[in-house]
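Structure assessment
For reference, the chains in residue letters:
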Amino acid sequence: MNASEADVIAPPARTHYPNPETIFTTTADAYVRYRPEHPGVLIDYIAETARAAADDVPVLDLGSGPGVIAVRLAELGLPVIAVEPSGEMLTVGRQRAIERGIENIDWRQGDSSTVSALPPVRGTVIGDAFHYMHRDQVLADLHGITTSGGFVAIVVSHALGTPKAWWEPILDRIRDRFLGTHRAAGPDAPFQYLTEDHETVLRRSDFPRIRVLRTDYRLDLTTDKLIGLQYTYAFSSRAVLGGLREEYEQALRDALTAVEPSGGFTATLQTAVIIGERP
């Protein structure tokens, strides 16, 4: 992607990872094909929160990936700025928006360290990406561009303290075998494990009015979809696996077939959105 396709925000030195644009390299196509979308009740809840805030400025989707949330908010009539470090993700997101006839998304290439260069917003959504950011700093920067009464909404596909899918321990053993016990944040850096949960960080920020919505959702996957889902993660992307990919995929298939020969994998999980509002 070049500057004519999306505004490029020049990256300063203040980022949590040295090369945020590479964290999800090679995952964009798999992401839109295999990553489950967030339940509609969560998106509606965020949209209602946005409508209650200032109505003359957009909503920011920070770390938007291929625009899964941005597109859905735009379909609900909200103007959106989608900021994403990966040009690959932006290209896929822009194409998805074109295919759906959506024109109210302003796509920009940048990362969480570039927030202060953005125009005013009524609120920010961060979907499954906050753990890759310098959280305290990005919240301080967001306060500077968020209108009075605005918000930050942190969306997590797996709510803290709730059970994971029953097959995750099986996959973890294979991940440990091929990728080591410390997960990667893309091909260039190890993941930096968090010592505080998102809600704790949000409570000490300038967005201290907290409310949380949790909701169950059902996963219903085939063996092929579950394997494809692994290529949407930063720690097991095609770029991270490299020459191990075919062997890794076969090990996944063998293990999953052994525990569920029918090829059907079903689980009920819980997702959440943590909303912090500024006075």
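The structure this text deals with has already been given above.
A brief structural summary. (Residues numbered from 1 in each chain as written. Predicted model: local features only at pLDDT ≥ 70, side-chain atom pairs only at ≥ 80, totals over all residues. Heavy atoms only, no water.)

Re the overall build of the protein
Stated precisely, the cut-off is as follows: Under the scheme used here, helices are H or I runs from DSSP no shorter than 4 residues and strands are E runs no shorter than 2 residues, and both carry numbers assigned from the N terminus. In this setup the radius of gyration rests on C-alpha atoms only. A globule is expected at 2.2 Å times the number of residues raised to 0.38. Type-normalised accessible area, obtained with a 1.4 Å probe on protein chains alone, sets the label of each residue: buried when under 20%, exposed when over 50%, and partly exposed for intermediate values. Note on contacts: a residue pair qualifies if any of its non-hydrogen atoms lie within 4.5 Å across the two residues. Using the Shrake-Rupley algorithm and a 1.4 Å probe, accessible areas are obtained, with residue cover drawn only from the displayed protein chains. In this tally, Asp and Glu contribute negative charge and Lys and Arg positive charge; neither His nor the terminal groups of the chain are included. Note on charges: their place is set at NZ of Lys, CZ of Arg, CG of Asp or CD of Glu.
The secondary structure content of the protein amounts to ten helices and eight strands. Since a compact globule built from 279 residues should have a radius of gyration of about 19 Å, the 19 Å found for the protein is in line with a globular shape. Its C-alpha atoms give the protein principal-axis dimensions of roughly 55 × 40 × 40 Å. Out of the 279 residues belonging to the protein, those deemed buried represent 53%. Restricting the contact set of the protein to residue pairs at least 6 apart, pairs at least 24 apart contribute 83%. By element, 49% of the accessible surface of the protein is carried by carbon and sulfur atoms, the whole surface being about 12,300 Å². Taking the 27 positively charged and 37 negatively charged side chains of the protein as two groups, their mean positions are separated by 3 Å.

Things to note about the packing of helix α2 (residues 40–52) against helix α3 (residues 68–75)
Keep this limit in mind: Angular values range over 0 to 180 degrees, each being the angle between N-to-C directions of two axes fitted as lines to C-alpha atoms, with helices fitted over their stretch in contact. Left-handed describes a crossing in which the near helix is turned anticlockwise from the far one by less than a right angle; the clockwise case is right-handed. When residues are grouped by polarity, Ala, Val, Leu, Ile, Met, Phe, Trp, Tyr, Cys and Pro land in nonpolar, Asp, Glu, Lys and Arg in charged, and all others, Gly among them, in polar.
Interaxial distance between α2 and α3 falls to 10 Å at its minimum, and their mutual angle equals 65 degrees. Relative to α3, the crossing made by α2 is right-handed. Between α2, through Gly-40, Ile-43, Ile-46 and Ala-47, and α3, the contact on the second element is made entirely by Ile-69, Arg-72 and Leu-73. Here the residues of the contact of α2 with α3 sort into five nonpolar, one polar and one charged.

A look at α3
By the criterion of burial, α3 is predominantly enclosed, with seven of the eight residues buried. Within the span of α3, buried status applies to Val-68, Ile-69, Ala-70, Val-71, Arg-72, Leu-73 and Ala-74. Phi turns positive, to about 95 degrees, at Gly-77, one or two residues after α3.

Section: the pattern of salt bridges
One side chain can pair with another of opposite charge once the charged atoms of both are near each other. So the rule is basically this: Think of a salt bridge as a Lys or Arg side-chain nitrogen and an Asp or Glu carboxyl oxygen that are within 4 Å of each other.
On inspection of all chains with the given rule, the structure shows 15 salt bridges. Note that Arg-175 is salt-bridged to Asp-172, the shortest N-O span being 2.9 Å. Of this pair, Arg-175 and Asp-172 both sit in helix α6 (residues 168–179), three residues apart, which is roughly one turn of that helix. Relative accessible area serves as the criterion here: at 27%, Asp-172 is assigned to the partly exposed category.

What to know about the packing of helix α8 (residues 223–230) against helix α10 (residues 245–259)
What counts here: Angular relationships are summarised with four words: roughly parallel below 35 degrees, roughly antiparallel beyond 145, roughly perpendicular across 65 to 115, and oblique for the angles in between.
One can describe the packing of α8 onto α10 by two numbers: an axis separation of 10 Å at closest approach and a directional angle of 140 degrees. Put simply, α8 runs oblique to α10. Here α8 and α10 pass one another in a crossing that is right-handed. Packed against α8, whose contacting residues are Thr-223, Asp-224, Leu-226, Ile-227 and Gln-230, the element α10 presents Glu-249, Leu-252, Arg-253 and Leu-256 at the interface. Looking at the contact of α8 with α10, its residues break down into four nonpolar, two polar and three charged.

Let's talk about the environment of Pro-261
With respect to the helices and strands, the residue Pro-261 is situated in the loop between α10 and β8 (264–277). With a relative accessible area of 67%, Pro-261 lands in the exposed category.

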